[in-house]
Amino acid sequence: MTQLPTPGATPAAPPPSEPPPTAAPPRPRWRETLGLLARNPTAAVSAVVLVLIVLMAVFDETLAPDGPNEQDPSLQLQPPSRSHPFGTDEFGRDILSRVVLGAATSLRVGFASVAFALVVGTLIGLLAGYYGRWVDDALMRLMDVLFAFPAVLLAIAIVAIRGAGPANAILAIGIVYVPIFARVTRASVLGVREEVYVRASRSVGASDWRLITRHVLPNAAPPIIVQTSISLAFAVLAEAALSFLGLGPRRPNPSWGLMLADGRGFIDQAWWYTVFPGLAIVVTVLCFNLLGDGLRDVLDPRQRTLMAGGGR
Amino acid sequence: MTSTTQEVLVSARGLEVHFPIRSGGALRRTTGVLRAVDGVDLDVYRGETLGLVGESGCGKSTLGNALLRLVPPTGGTVAFDGADVTGMGRRELRELRRRAGMVFQDPFASLDPRRTVAQTVAEPLEVHGLHPGRQARAARVRELLQLVGLDPGVAARYPHEFSGGQRQRVGIARALAGEPDFLVCDEAIASLDVSVQAQVLNLLRRLQRQLGLTLLFISHDLSAVRHVSDRIAVMYLGRVVEVGPAAAVAAEPQMPYTRALLSAVPLPHPRLERSRQRIVLRGDVPSPSRVPSGCRFRTRCPDVFEPCPDVDPALQPVGSAPGHVAACHLHGVVGTPVERERPDAPVDAGDPAARR
C-alpha cells in the first residue's frame, strides 16, 4: 500500500564521489506521462479518436450537413446513400447530422456529470481519508448508502423527483458516481497520508491545507485520473440509458440515447436508424475505457518504470 | 541534571506516549496499551550532541517525535527553550516547527517524488514566510544546497534522480532551511551505504559546529553514536535507563543493559577484539504492552536481585564522571515501590540467588 511512488528508485550504491545526476534536462511529469501514453498504441489511438469526437461535438453546427430538425417527408426512412450516408429517420431527417449534433448533448452530459462526481467525490474521499476517525465513518457510511442503490435506478429516482431534462440528468448521473470517486480517492489518500514525506512536511510546519493540496492530492491523483476516464465511459452510457427511457434531453433535440429509443420502433425496417447512434456510443465508451486502461498502465509507477526501459 | 551549568534547550519530564491497542472488528474496543515511551526524563543541552541508543522497538523514534510533538504525548511534559510544548497553540507550534527540525531515516521515502529539490527545500521558507520573493528564496535554496555539499544546479531536479546520500543531504537542507536550533536525526544514516554513512555523519558534525546546532542523534549504531555524541542516553523498553558523558558511558557503563549493549560492538583492534567478552542477554525484549513490574530490564538482567521486581528504579548519580546517571538498584535502591503482582507483568524474574 505504501509503495515507493517513485519511478526508477533503484537504491543503487553510489560511489563515494557522487556524480551529479543525469545530464538530461528534467522533464515535467505530465510531459513524461504524455510521452509514455503516446507509446501505448491502444491508448494513443483512443485519445486521438476522443479528441476527434470532442471536436465534432464542439463544431457540430458547422460539421453537420443538415440542421437537426430539418424534415423532408419525401425521404422517410431512406437507407444510407451518397446524400445521406447514415440514412434518414421516419421524419426524413439526416441521421448523420443528428449523430453529429447528438454528440454535443451526450458528451456535455457525460463531462458535466463526471466533473460533478469528480469534484464532490474527491473532496469527500480526501476528507475521509486524511482526517479518518469519525469524519471517515460519517462520510463513507453516507457513500455506502448511495452505493447500495443500483446506479441507473438511483439516477431514474433522482430524475423522477426533479423532473426530466439535461440539467437533472447531469445531477443524477453525477450523484451516482460520487461514491466511486470518494472510495477511489480515500483508498489512495490512506496510502499517501502515511508516507514519510508527508510527515516530513508536517515537521517543518506545513498546515493541513498545505499538506493536502501540495503533497497528498498530487500523489494520490493517478487512480483518480484513471477513474475519471473510465467514469466518462459509463456516464455517456448512463446518459444514453436515461435518454432511452425518456428521462434525459427532450425531443426533438438529438441525443444518442434518444435516437436509439426512437429507432427501436423501426428496427426491422431501418437498421441504420439504431446502428449509427449505437456505434457512436460504442466507439466513445470503448475509447474512454481503453484510454483509462492506458492511463492506469502509465500512471502506475512500477508499470511506468518497466515501460520507460527501466533506466529512468 | 547535574554538574554542568549548561543551558537546557529541550527537557522532557515523565514523558509518556501510550498507544491504545484496538481489537479488530467493528467495535474497535481498546484491549491494551502499548507503552512506546513510558516515563522519560531527559534534558538536551544547548549546543550539544546527545546520542540516543537502544535496540529496535525501544521507543527511540517515538521519543524523538514526541519531543517535537509530531506524535502527541499522552502524559508528562516537554519544554523547548522554556516553553511548554504540549500546551502550544497553533502559532507557537509553527514557530517550534521552524526552530526544531527532523532528519528522517529513509531518504527514499522522505522526499515527495512529485516535487523538485528546490520545492522541497523551499517548503519551510514558504511555510514560515522566510526570505520572501522568488529570487531571495531561490538564492537561499542555493545557499542551503551548498551548505550540505550539493551542487546548487540540481535544484530543478526530482528526487528519483539522486542517490541515497544525495537525497539525505536534500533532507538535511530542508531541515535546516528555517534556521533551527534543534535537530532530531532519527536513524539518519541507518539506510545509507557504509561509505556514505561516514560522509553524512561528518556533514552533520560540521553543520553542528558551523551553525551551533543542538542535535539529538537517534541510532542503534553505537559506534556512530560514540563518534558524534557529547553525551549518550540509553533507552530500554520506553524508558531512559542511563545517561552520561559519551566517554564515561562508553568506558564505564553503569547499568547491566548498557554493558551488554556495548559488549556487542566489535572492536577495531584485533587483539582487543579477541579478548572482547560478549554479554549475551537471555530471552527477548518483553512487549511494550506487557512491561515488567519494577525494573523493566529485570527479566533479562544478569544481575537481578530482590528489589528489582518491587521498586521502579529512578535515575541516580553513578560512576565517577559528573552528570552520569543510571536507573539501577545495583547502585542503591532508589525509586518508586510498585506492586509486584501486576496482572499484565510476568512475575518470575529469574532466580534471585543468581546474583553475582
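Remember, predicted model here, so these are calculated numbers, not experimental data.

### What to know about the pattern of salt bridges
Residues and elements named next belong to chain B.
Here comes step 1: In this structure the tally under the stated criterion is 25 salt bridges over all chains.
Here comes step 2: Across the salt bridge formed by Arg46 and Asp81, the nearest N and O atoms sit 3.2 Å from each other. Here Asp81 lies in the loop between β4 (75-80) and β5 (83-84) and Arg46 lies in the loop between β2 (30-45) and β3 (49-53), a separation of 35 residues in the sequence.
Here comes step 3: The closest approach of N and O atoms between Glu143 and Arg140, which form a salt bridge, is 2.9 Å. With a gap of three residues between them, Glu143 and Arg140 both fall in helix α4 (residues 134-147), about one helical turn apart.
Here comes step 4: Among the residues examined, Arg140 registers a relative accessible area of 9% and is labelled buried.

### Points about the nonpolar core
Here comes step 1: If you look at the biggest cluster of nonpolar residues, it comprises 64 residues, and the most contacted ones within it are Ile172(B), Leu176(B), Phe217(B) and Tyr257(B).
Here comes step 2: Here this core takes six residues from helix α6 (residues 194-211) of chain B, the largest share from any one element.
Here comes step 3: Counting residues in hydrophobic clusters, the runner-up holds 57 residues, among them Ala104(A), Ile124(A), Phe181(A) and Val226(A).

### What to know about unusual backbone geometry
Trans is the common state for peptide bonds, and a negative phi is the common state for residues other than glycine.
Here comes step 1: Located in the positive-phi region is Arg133(A), a residue other than glycine, with phi close to 45 degrees.
Here comes step 2: With respect to the helices, strands and loops of the structure, Arg133(A) is situated in helix α5 (residues 133-148).

### Things to note about the layout of surface pockets
Here comes step 1: Estimates place the volume of the largest pocket at around 1700 Å³.
Here comes step 2: Along the wall of the largest pocket there are 34 residues; nearest its centre are Tyr130(A), Arg202(A), Asp208(A), Leu70(B) and Pro72(B).
Here comes step 3: At the level of secondary structure, the elements contributing two or more residues to the lining of the largest pocket comprise α4 (95-131), α5 and α8 (196-203) of chain A together with β1 (8-22) and α2 (90-99) of chain B.

### Let's talk about the packing of helix α2 (residues 41-58) of chain A against α4(A)
All names here are of chain A.
Here comes step 1: For the pair α2 and α4, the least separation of the axes is 8 Å and the interaxial angle reads 110 degrees. By the criterion of interaxial angle, the relationship of α2 to α4 is roughly perpendicular. Contact residues: α2 offers Ile53, Val54, Met56 and Ala57, while α4 offers Val99, Val100, Ala103, Ala104, Leu107 and Phe111.
Here comes step 2: When the residues that make up the contact of α2 with α4 are grouped by side-chain class, the tally is 10 nonpolar, no polar and no charged.

### Concerning α6(B)
The α-helix winds at 3.6 residues per turn, so residues separated by three or four positions along the chain end up facing the same way.
Residue and element names in this part refer to chain B.
Here comes step 1: The end-to-end C-alpha distance of α6, which contains 18 residues, comes to 26 Å, matching closely the 26 Å that a straight helix rising 1.5 Å per residue would cover.
Here comes step 2: When α6 is considered as a whole, its buried residues turn out to be Val196, Gln197, Val200, Leu201, Leu203, Leu204, Leu207 and Gln208. Relative to the axis of α6, the buried residues are bounded by an arc of 160 degrees and lie together on one face.
Here comes step 3: Contacts from the buried residues of α6 go to β3, α4, α5 (164-176), β7 (182-186), β8 (214-218) and α7 (222-228).
Here comes step 4: Positive backbone phi, at 65 degrees, marks Gly212, one or two positions downstream of α6.

### Let's talk about the pairing of strand β9 (residues 231-236) of chain B
As a general feature of sheets, a regular strand has side chains that alternate between the two faces.
Residue and element names in this part refer to chain B.
Here comes step 1: The element β9 is largely enclosed, with a buried count of six among its six residues.
Here comes step 2: Of the two faces of β9, the one lined by Arg231, Ala233 and Met235 and the one lined by Ile232, Val234 and Tyr236 are each fully buried.
Here comes step 3: Both β3 and β9 contribute to a ladder of four bridges, which runs parallel. Bridge pairing links Gly51 to Ile232 in β9.
Here comes step 4: Pairing geometry for β9 and strand β10 (residues 239-245), over six bridges, is antiparallel. Across the sheet, Tyr236 pairs through a bridge with Arg239, a residue of β10.
Here comes step 5: Connecting β9 to the antiparallel partner β10 that follows it, the hairpin turn spans two residues, and Leu237 within it adopts a positive phi of roughly 50 degrees.

### Let's talk about the sheet that holds β1(B)
Residues and elements named next belong to chain B.
Here comes step 1: The four strands lie next to each other as β2-β1-β4-β5, forming an open sheet whose pairing is antiparallel. Looking at strand neighbours, the two that pair on one side only are β2 and β5, the edges of this open sheet.
Here comes step 2: Sheet analysis places β4 next to β5, joined by two bridges and oriented antiparallel. Counterpart to Phe80 in the pairing with β5 is Ala83.
Here comes step 3: Relative to β1, helix α1 (residues 60-67) is tilted by about 120 degrees, and along the sheet it contacts β1, β2 and β4.

### Considerations on the environment of Val71(B)
Here comes step 1: Structurally, Val71(B) can be placed in the loop between α1 and β4.
Here comes step 2: Val71(B) has contacts with Val17(B), Phe19(B), Thr62(B), Asn65(B) and Ala66(B), leaving out every residue within four places of it along the chain.

### Observations regarding α1(B)
Residues and elements named next belong to chain B.
Here comes step 1: With respect to burial, α1 is a largely interior element, seven of its eight residues being buried.
Here comes step 2: By the burial criterion, the buried members of α1 are Lys60, Thr62, Leu63, Gly64, Asn65, Ala66 and Leu67.
Here comes step 3: A positive phi of about 60 degrees marks Arg69, the residue just after α1.

### A word on the confidence of the model for chain B
All names here are of chain B.
Here comes step 1: Per-residue pLDDT for chain B averages 85, and the proportion of residues at 70 or more is 92%.
Here comes step 2: Per-element confidence in chain B ranges from a low mean pLDDT of 78 for helix α10 (residues 270-275) to a high of 93 for β8.
Here comes step 3: Predicted confidence is poor over residues 347-356, with pLDDT under 50, and the contacts of this stretch with residues over four places away or in other chains come to 14 contacts.

### As for the sheet that holds β8(B)
Residue and element names in this part refer to chain B.
Here comes step 1: Within the open sheet, the eight strands sit side by side as β6-β7-β8-β3-β9-β10-β13-β12. Their pairing is mixed. Looking at strand neighbours, the two that pair on one side only are β6 (100-103) and β12 (316-317), the edges of this open sheet.
Here comes step 2: When β3 meets β8, the two strands line up parallel, connected through four bridges. The partner of Leu52 across the bridge, within β8, is Ile218.

Calculation rules
- Residues numbered from 1 in each chain as written.
- Chains lettered and ligands numbered in written order.
- Predicted model: local features only at pLDDT ≥ 70, side-chain atom pairs only at ≥ 80, totals over all residues.
- Heavy atoms only, no water.
- Salt bridge = Lys/Arg side-chain N within 4 Å of Asp/Glu carboxyl O.
- Helix = DSSP H or I, 4+ residues; strand = E, 2+ residues; numbered from the N terminus.
- Buried < 20%, exposed > 50% of the residue type's maximum accessible area, 1.4 Å probe, protein only.
- Core = buried A, V, L, I, M, F, W, Y, C linked by side-chain atoms within 4.5 Å.
- 1 Å grid on protein atoms, 1.4 Å probe; cavity = no way out; pocket = protein on both sides within 12 Å on 5 of 7 lines; lining within 4 Å.
- Points joined across faces, edges and corners; volume = space filled by probe spheres on them.
- Axes fitted to C-alpha atoms, helices over the stretch in contact; angles between N-to-C directions.
- Parallel < 35°, antiparallel > 145°, perpendicular 65-115°, else oblique.
- Contact = heavy atoms within 4.5 Å.
- Nonpolar A, V, L, I, M, F, W, Y, C, P; charged D, E, K, R; others polar.
- Expected span 1.5 Å × (residues − 1).
- Arc of directions from axis to C-beta.
- Pairing = 2+ DSSP bridges.
- pLDDT = per-residue confidence, 0-100.

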